[in-house]
Amino acid sequence: MSLSHQFIFGIYPYICGAIFLLGSLARFDRDQYTWRSESSQMLSTGTLRVGSNLFHLGIIGLFFGHFFGMLTPHEVIHALGVTPAQKQMLAVVAGGILGSIGLIGLLLLIHRRLTNVRVRATSRGRDFLVLFWILATLLLGLSTVPLSIQHSDGATMLKLMSWAQHLVTFQGDAASFITDVSPVFKIHMFMGMSLFAIFPFTRLVHVWSGFATVGYLVRPWQVVRSRKIGLPE
């Protein structure tokens, strides 16, 4: 195992995670006015609604699919009676569908931002950086589907799961599990990890607010009373 491989897949994930958390906290503390999605709906609706809905449906589904799929312990999957091959096929089908939905939505958003004069005039470099970075990550992810179908025994999936689970449990041997994984998987993983590093410096920070809205479901009731001043008793 080379030093570069150990750094990218054993150390770099923690660097990205630290930037993701500390950068988000610093931006919220110092620059709350920019903490928003910077929607351009007022400038032009066009394909925004369709593109945004498809994009968010695909990306949110992929996020939680990766989260639970990669971090669910092997023992739990085995106890449920699911074989590695079956789990990999489920990941291929679900990932392919959600990735395609997200890709269509993203292409609509990119086309709108590039071709609409008003939207493009108000766009910043970091807006295009995020869009094209996610586009590259999605395309790489979809390109792993044929590779997964060719090796349908689930061995590669088990290696990726071991890597992710050893990372989150702070075990130093995480990178060793994926030394012989296809470069397509590795580049996709690098792009995905790097997305967390650029997250705090872009409009993506509004994702935090989306998760925070769940708090409204469990917060105490607010009692509002009117104060009548100057009226006779």
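These numbers come from a predicted model, not from an experiment. Think of each chain on its own: its residues are numbered from 1, step by step along the sequence as written. Residue-level local features of this predicted model are given only where pLDDT is at least 70; pairs of side-chain atoms are given and counted only at 80 or more, and the full residue set underlies all totals for whole chains, interfaces and linings. Side-chain numbers here rest on the full set of heavy atoms in the structure, without hydrogens or water.

(A) Looking closely at a nonpolar patch on the surface. Residues enter patches when their relative accessible area tops 30% and they take part in no salt bridge; the joining distance is 9 Å for like charges and 5 Å for the nonpolar side chains Val, Leu, Ile, Met, Phe, Trp and Tyr. Each accessible area is a Shrake-Rupley estimate made with a 1.4 Å probe; only the visible protein chains count as cover when residues are assessed. Criterion for a salt bridge: a side-chain nitrogen of Lys or Arg within 4 Å of a carboxyl oxygen of Asp or Glu. Nonpolar side chains collect at one region of the surface, where Ile60, Phe63, Phe64, Phe67, Phe68 and Phe196 lie side by side and expose about 560 Å² of accessible area between them. Numbered from the N terminus, helices here are DSSP runs of H or I no shorter than four residues, and strands are runs of E no shorter than two. Among the elements that line the nonpolar patch, the one with the most residues is helix H2 (residues 48–71), at 5 residues. Inspection of the secondary structure assignment puts Phe196 in helix H8 (residues 183–198).

(B) A look at H8. Compared with the 22 Å implied by 1.5 Å per residue over 16 residues, the 23 Å span of H8 between its first and last C-alpha is a close match. The classification of residues rests on relative accessible area computed with a 1.4 Å probe and restricted to protein chains. Under 20% of the type maximum is buried, over 50% is exposed, and intermediate values are partly exposed. The set of residues buried in H8 consists of Phe185, Lys186, His188, Met189, Met191, Met193, Ser194, Leu195, Ala197 and Ile198. What makes two residues a contact is simply this: any of their non-hydrogen atoms within 4.5 Å. Where H8 is buried, its residues touch helix H1 (3–30), H2, helix H6 (125–150) and helix H7 (155–168). To estimate how far a helix should reach, multiply one less than its number of residues by 1.5 Å.

(C) Local environment of the packing of aromatic side chains. Aromatic rings from Phe, Tyr and Trp, with only the six-membered ring used for Trp, were paired whenever their centres fell within 6.5 Å, and each pair was classed as stacked if the ring planes differed by under 30 degrees, edge-to-face if by over 60, and tilted otherwise. Inspection of every chain in the model, using the stated rule, returns 10 aromatic pairs. Ring geometry for Tyr14 versus Phe170: centroids 5.6 Å apart, planes at 15°, classification stacked. Of the two residues, Tyr14 is situated in helix H1 and Phe170 in the loop between H7 and H8; the sequence distance between them amounts to 156 residues. Consider the rings of Phe20 and Phe196, whose centres lie 5.2 Å apart with planes at 85°: the pair is edge-to-face. Taken together, the residues Phe20 in helix H1 and Phe196 in helix H8 connect sequence positions 176 residues apart.

(D) Representation of the confidence of the model for the protein in the model. What pLDDT expresses is the predictor's confidence in each residue, scored from 0 to 100. In the predicted model, the protein carries a mean pLDDT of 85, and the fraction of residues at 70 or more is 85%. In the model of the protein, helix H9 (residues 206–212) stands out as the element of lowest mean pLDDT, 71, in contrast to H8, which has the highest, 95.

(E) Seen up close, the pattern of salt bridges. For the structure shown, the criterion picks out 2 salt bridges. Here Arg203 and Asp127 are joined by a salt bridge, their closest N and O atoms 3.1 Å apart. Placement of the pair is Arg203 in the loop between H8 and H9 and Asp127 in helix H6, with a sequence separation of 76 residues. Each member of the pair, Arg203 as well as Asp127, is classed as buried. Close ionic contact of Lys159 with Asp180 constitutes a salt bridge, the shortest N to O distance being 2.9 Å. Linking Lys159 in helix H7 with Asp180 in the loop between H7 and H8, this pair joins segments that are 21 residues apart in sequence. Residue class for Lys159 comes out partly exposed when judged on its relative accessible area of 28%.

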